[in-house]
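# Geometric and topological summary
Each chain, letter by letter, is given below.
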Amino acid sequence: MTNLLRKLFIKNYDKVEDPKVRQKHGFLASFVGIFTNLFLFAFKLIIGLLIFSMSIISDAINNLTDMASCVVNLVGFKLAGKPADKEHPFGHERIEYIAGLIISFIIIAIAGVLGYTSVMKIVNHETTNYDNLGTTIATFVILGVAILTKLWQGFFYKKIGKTINSISLKASATDSINDVISTSAVLVATLVEFLLRTHNVQIDGWMGIAVALFIVVMGIKTAIEASNPLIGVNPDSELVKKIINQIYSYDGVLGTHDTMCHSYGPTKIFMTTHVEVDCREDVMKSHDLIDNIESDINKEFNVLLTIHMDPIDTVSEEVIKLKEFTRTTLEAYDKSISFHDFRIVSGETHTNILFDIVVPHECKKEDKEITSHLRSEFNKFSDKYFVIIKIDRTYID
C-alpha cells in the first residue's frame with residue numbers, strides 16, 4: 001500500500017536523494033495522517049460523548065493532536081524546502097526539527113487537560129452510559145477499527161520516515177504505535193466496565209488518567225528526539241564509513257584523520273577531513289587529487305566535503321622508527337588512543353617531535369596525565385627529543 005501511494009502521488013518517487021522528491025514524501029505522509037486522524041477523532045468523539053466515556057474522549061483528543069501534528073509536519077516540510085537565503089545560508093531544513101518540537105509541546109499540553117478531566121470524573125463519581133446496546137457495540141467496533149488504522153499508519157510513517165531519513169516522521173511512527181497501545185487499553189477498560197456494569201465497576205476515569213500520563217511520556221520523548229539534532233548529534237556512522245572508504249580508494253591517499261561531520265537538515269550535510277599524501281609528490285598533482293575527491297563525494301553522497309591536505313614523510317628512517325615507538329607506547333598505555341600528523345623538526349641540540357593524539361570521550365584520563373606519560377616515555381627513549389602534543393577529541397563514532 002505504501003509503495004502504491006508513492007507511485008500514484010510522487011513523480012520519480014525512488015529518487016529520494018532529491019530534496020524536492022523528499023519534500024513530496026513528507027507532504028504525502030502528512031496528508032495521509034491528517035485524513036486518517038480526522039476520521040478517527042470524529043467517530044471516537046461521537047461515541048465518547050454518547051456513552052460519556054472519558055477514556056474514549058481522551059483517545060479521540062489524542063487523535064486530534066495527532067492530526068495537528070500532521071499539519072505542523074506539513075508546514076514544516078513546506079518551510080524546510082525553502083532555498084537558502086542571506087539570513088539562512090545553509091537552508092531551512094532544520095525547521096523540520098522545530099516542527100517536531102512544537103508537536104511535542106501540543107501533545108503534553110493536551111495530555112494535561114485530559115488528565116484533569118479524568119480526575120474530575122473520578123472525584124464527581126460520574127458514570128459511563130451503556131444503556132444503548134447498539135451504541136455500545138458501535139463503540140467496540142470503532143475502537144477495533146481505530147487500532148487497525150493506527151497500526152497501518154505506524155508502519156506507513158515508519159517506511160516513509162526511513163526512506164527519506166526524517167526524524168519527525170519516525171517520531172510520528174512511534175506515536176502511532178503508542179496510540180495502538182493506548183487505544184487497546186481503552187478498549188479493554190470499556191469492555192470490562194460493560195461486562196461488570198451491574199456491579200457498578202468504574203475504571204474509565206482511571207484509564208483516562210493512565211492514557212494522559214502515557215501521552216505525556218511520549219510527548220517528552222518526542223521533544224528530546226526533536227531537540228537532539230538542534231543541539232548536535234553524531235552523524236550517520238554508516239554514511240561516514242562509506243565516505244572514508246571511498247576516499248581511501250584513490251591512489252595517493254595514505255590516510256585520513258580529524259574527520260568532522262555536521263548537518264543543517266537531512267540533506268544538508270557538511271564534512272571536513274584531513275587526507276595524508278606523500279610529501280615527495282608534486283604539490284599540484286596532490287592538490288588535483290584532493291579537488292577530485294571533494295567533487296566526487298559531493299556528487300555521489302550529496303555531502304559538501306572540504307579536505308585539508310597533510311603531506312607526510314614515508315621514507316625517513318628516523319620518522320618511521322619514532323612513529324613505531326609512539327604506536328607501541330600508546331597501545332601499552334591505552335589502546336583507545338590513536339595519533340596522527342606525526343612529524344619531526346631536527347635541530348643541533350634537540351629534535352622536536354610533533355603529533356596529535358585522538359582521545360575518545362569514554363577515556364577518563366586527564367589530558368595532562370596523558371601528555372606527561374608520553375613525554376616521560378620519550379625521555380627514556382632519548383633525552384634529545386622534545387615532544388609537542390596536541391589533543392583532539394572524537395566527533396564521529
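In this numbering scheme, every chain counts its residues from 1 along its sequence in written order. For this predicted model, a pLDDT threshold of at least 70 governs which residues receive local features, and a threshold of 80 or more governs which side-chain atom pairs are given and counted, while totals over whole chains, interfaces and linings are taken from all residues. The side-chain quantities take in all heavy atoms of the structure and omit both hydrogens and water.

When DSSP locates at least two bridges between a pair of strands, those strands are taken to pair. Strands here mean DSSP runs of E at least two residues long; helices mean DSSP runs of H or I at least four residues long; both are numbered from the N terminus. The three strands lie next to each other as S1-S2-S3, forming an open sheet whose pairing is mixed. Edge positions in the open sheet fall to strand S1 (255–263) and strand S3 (303–312), since each of these has one partner strand only. Looking at each pair of strands side by side, their axes are set apart by 15° on average, direction ignored. As paired elements, S1 and strand S2 (residues 269–278) share seven bridges and run antiparallel to each other. Directly across from His257, in S2, lies its bridge partner His274. Running over the sheet, helix H9 (residues 283–301) touches S2 and S3 and is turned about 155° from S3. The axes are straight lines fitted to the C-alpha atoms, using for helices just the contacting stretch, and the angles between their N-to-C directions are given from 0 to 180°. We call two residues contacting when some pair of their heavy atoms lies within 4.5 Å.

Glancing now at the pairing of strand S6 (residues 385–393). Two elements, strand S5 (residues 351–359) and S6, share nine bridges in a ladder whose sense is parallel. Bridging across to S6, Phe355 finds its partner in Ile389. Taken together, S5, helix H11 (residues 367–381) and S6 constitute a β-α-β crossover, and its handedness is right-handed. Every crossover in which the path from the first strand over the helix to the second runs clockwise, viewed with the strands pointing away from the viewer, is termed right-handed.

Our next topic: the sheet that holds strand S4 (residues 338–346). By definition, the strands of a sheet pair up through backbone hydrogen bonds, in either a parallel or an antiparallel sense. With mixed pairing, three strands are arranged side by side in an open sheet as S4-S5-S6. Edge positions in the sheet fall to S4 and S6, since each of these pairs with one other strand and no more. Averaged over neighbouring strand pairs, the angle between their axes works out to 15° when direction is ignored. Lying on the sheet, H11 is in contact with S5 and S6; it crosses S6 at an angle near 150°.

Between its first and last C-alpha atoms H11 spans 21 Å; for 15 residues at 1.5 Å apiece the expected length is 21 Å, and the two agree. Think of it in three bands: with a 1.4 Å probe and only protein chains considered, a residue is buried below 20% of the maximum accessible area for its type, exposed above 50%, and partly exposed in between. Looking only at H11, the buried set comprises Ile370, Thr371, Leu374 and Phe378. When H11 is viewed along its axis, its buried side chains cluster within an angular range of 90° and face the same direction. Turned more than 90 degrees away from the buried face of H11 sit Lys368 and Lys380, all of them exposed. Buried residues in H11 make contact with helix H10 (317–333), S5 and S6. Expected span, for any helix, means 1.5 Å times one less than how many residues it has. Directions are taken from the helix axis to each C-beta atom, and the arc is the one they span.

With that out of the way, let us pick up the packing of aromatic side chains. Put simply, two rings from Phe, Tyr or Trp (the six-membered ring, in Trp's case) pair if the centres are within 6.5 Å, and we call them stacked under 30 degrees between planes, edge-to-face over 60, tilted for the rest. One pass over the full model with this rule turns up 13 aromatic pairs. Ring geometry for Phe90 against Phe270: centres 5.2 Å apart, planes inclined by 85°, an arrangement best described as edge-to-face. Taken together, the positions of Phe90 in the loop between helix H3 (54–80) and helix H4 (95–123) and Phe270 in strand S2 put the pair 180 residues apart, joining distant regions of the chain. A residue is classified by how much of its surface remains accessible, and Phe90, at 35% relative accessible area, is partly exposed. The class of Phe270 is buried, set by a relative accessible area of 16%. Measuring from ring centre to ring centre gives 4.4 Å for Phe325 and Phe381, while their planes differ by 25°; the resulting arrangement is stacked. Of this pair, Phe325 sits in helix H10 while Phe381 is found in helix H11, placing the two residues 56 residues apart along the sequence. Aromatic ring contacts, followed pair by pair, group Phe325, Phe339, Phe342, Phe355, Phe378, Phe381 and Tyr385 into a single cluster. Two thresholds decide whether a charge sits over a ring: the Lys NZ or Arg CZ must be within 6 Å of the ring centre and within 35 degrees of the ring normal. Here Lys365 stacks its cationic end above the ring of Tyr333, 5.2 Å away from the centre of that ring.

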